[in-house]
2 protein chains.
Amino acid sequence: MVDGNVIISALGGAGLRITGARRAVSEAVAAHDGHFTAEDVLVASRRGGHPVGRATVFRSLETMAGLGLIERVDLPSGEHAYVACQPAAHHHHVVCSRCGRSVEVGDIGLDPLLERVQESTGYRIDSHRLELFGLCEECRSGARIASA
Amino acid sequence: MVDGNVIISALGGAGLRITGARRAVSEAVAAHDGHFTAEDVLVASRRGGHPVGRATVFRSLETMAGLGLIERVDLPSGEHAYVACQPAAHHHHVVCSRCGRSVEVGDIGLDPLLERVQESTGYRIDSHRLELFGLCEECRSGARIASA
DNA sequence: TTATATGCAAACGCTTTGCATCACG
DNA sequence: CGTGATGCAAAGCGTTTGCATATAA
């Protein structure tokens, strides 16, 4: 969970205009504790009393992703979602496969492993994508009662 | 690169019918040295003289993915692609970001790291997705000549 | 023979784009 | 003011589905 203002000020810092639509999107993003889709943002903006056009939602999310404020995540289902980030160095997200809530983990020490892969494959590895999925603490305890 | 017959026999082993369309898809998959999209398979089947319907391509790829013969990969661009697998235990793919060629790497020893993430986050991590991107040896040496 | 797989074409859902208008700075 | 941002609606793309037909077993 992130403060919407963090996003807004980051936009400002990047020389972008602070518009009503971007405020609405930022709030929607901040309101989500886990991953969310473009559609989620759209709906949230409507409920928040400041409806934003579908195209603008996509454009805003793209912008924010470019600034590293959010990150695109491909769920195992193939769905496209986003998660909020603390603008930071390298990190990964752990997404709850039940409730979608996500947490960030810092660098988990992947580099030595990648080094080894480079040696064995001859590829120069420039980037990677690691997504972790599982059950968060709450869903794990609730699992007995409400098994979805 | 994989022999198309490996795929065919795996299909047979799973009690599925060996049809012309599936042969064609298997060949197209086997012919690709790297990742490929559904569209690639469709085109390849046409060129191979055994055109397969678009829907059938998707259905076949889905089937093969279910059998672990191929795996779906989401490229950083958001594109959906597939790569052939040796039906095996846990492994990852390294995809060349220039030519798309991919190689498999076995278990790279991620488990201890995941263990640590579990402890720090409280999530029980059930699955993960690690995709590695970079330049393969050939593209790296060719990079000076044809920098794409 | 008979269930399974295929092909077609239409439906679908998500995402992007063109363009006139709006509003932040 | 002037440019960047927005909204709408339509186009675009990849993917899925319904249904009649063909075919492997």
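The residue count restarts for each chain, going from 1 along the sequence in the order it is written. Each chain takes a letter, starting from A, and each ligand takes a number, starting from 1, following the order in which they are written. Under the rules for a predicted model, residues below a pLDDT of 70 receive no local features and side-chain atom pairs below 80 are neither given nor counted, while totals for whole chains, interfaces and linings still include all residues. With hydrogens and water stripped out, all remaining heavy atoms of the structure feed into the side-chain values.

Caption draft 1: Quick look at the pairing of strand β3 (residues 92-96) of chain A. All names here are of chain A. Only protein chains enter the accessibility calculation, which uses a 1.4 Å probe; a residue whose area is less than 20% of its type maximum is buried, one above 50% is exposed, and one in between is partly exposed. Runs of H or I in DSSP of at least four residues are treated as helices and runs of E of at least two as strands, each being numbered from the N terminus. Most of β3 is tucked away, with five of its five residues classed as buried. Of the two faces of β3, the one lined by H92, V94 and C96 and the one lined by H93 and V95 are each fully buried. For two strands to be treated as a pair, DSSP must find at least two bridges joining them. Taken together, the four bridges between β3 and strand β4 (residues 102-105) define a ladder with antiparallel strand orientation. Paired with V94 across the two strands is V103, which belongs to β4. In the sheet, β3 pairs with strand β5 (residues 124-135) via four bridges, with the strands oriented parallel. Bridge pairing in β5 links H93 to E131.

Caption draft 2: Representation of the pattern of salt bridges in the model. Residues and elements named next belong to chain A. When a carboxyl oxygen of Asp or Glu is within 4 Å of a side-chain nitrogen of Lys or Arg, the pair counts as a salt bridge. Taken as a whole and assessed by the stated rule, the structure comprises eight salt bridges over all chains. Across the pair R54 and E39 runs a salt bridge, and its minimum N-O distance is 3.0 Å. With a gap of 15 residues between them, R54 in helix α4 (residues 54-66) and E39 in helix α3 (residues 38-47) connect regions that are remote in the sequence. For R54, a relative accessible area of 45% corresponds to the partly exposed category. Here E138 and R101 are joined by a salt bridge, their closest N and O atoms 3.5 Å apart.

Caption draft 3: Region of interest: the protein's contact with DNA strand C. One heavy atom within 4 Å of a molecule or strand is enough for the residue carrying it to be called near that molecule or strand. With respect to spatial proximity, 18 residues lie near DNA strand C, and among them I18 of chain A together with R17, T19, T56 and R59 of chain B are the closest. In DNA strand C, atoms within 4 Å of the protein come from the sugar-phosphate backbone in 62% of cases. A distance of 3.3 Å separates a phosphate oxygen of DNA strand C from a polar side-chain atom of R22 of chain B. For the purposes of these results, a polar contact is taken to be a pair of N or O atoms within 3.5 Å, where, inside protein, one atom must be able to donate a hydrogen and its partner to accept one; residues adjacent in sequence count only when each atom of the pair is a side-chain atom. G53 of chain B places a polar main-chain atom, nitrogen or oxygen, 3.0 Å from a phosphate oxygen of DNA strand C. Listing elements by their share of the surface near DNA strand C, those giving two or more residues are α4 of chain A together with α2 (20-31) and α4 (54-66) of chain B. Element by element, the count of residues in the surface near DNA strand C is highest for α4 of chain A, at four residues. Of the residues in the surface near DNA strand C, the class split is eight nonpolar, four polar and six charged. For this classification, the nonpolar set comprises Ala, Val, Leu, Ile, Met, Phe, Trp, Tyr, Cys and Pro, the charged set comprises Asp, Glu, Lys and Arg, and every other residue, Gly included, is treated as polar.

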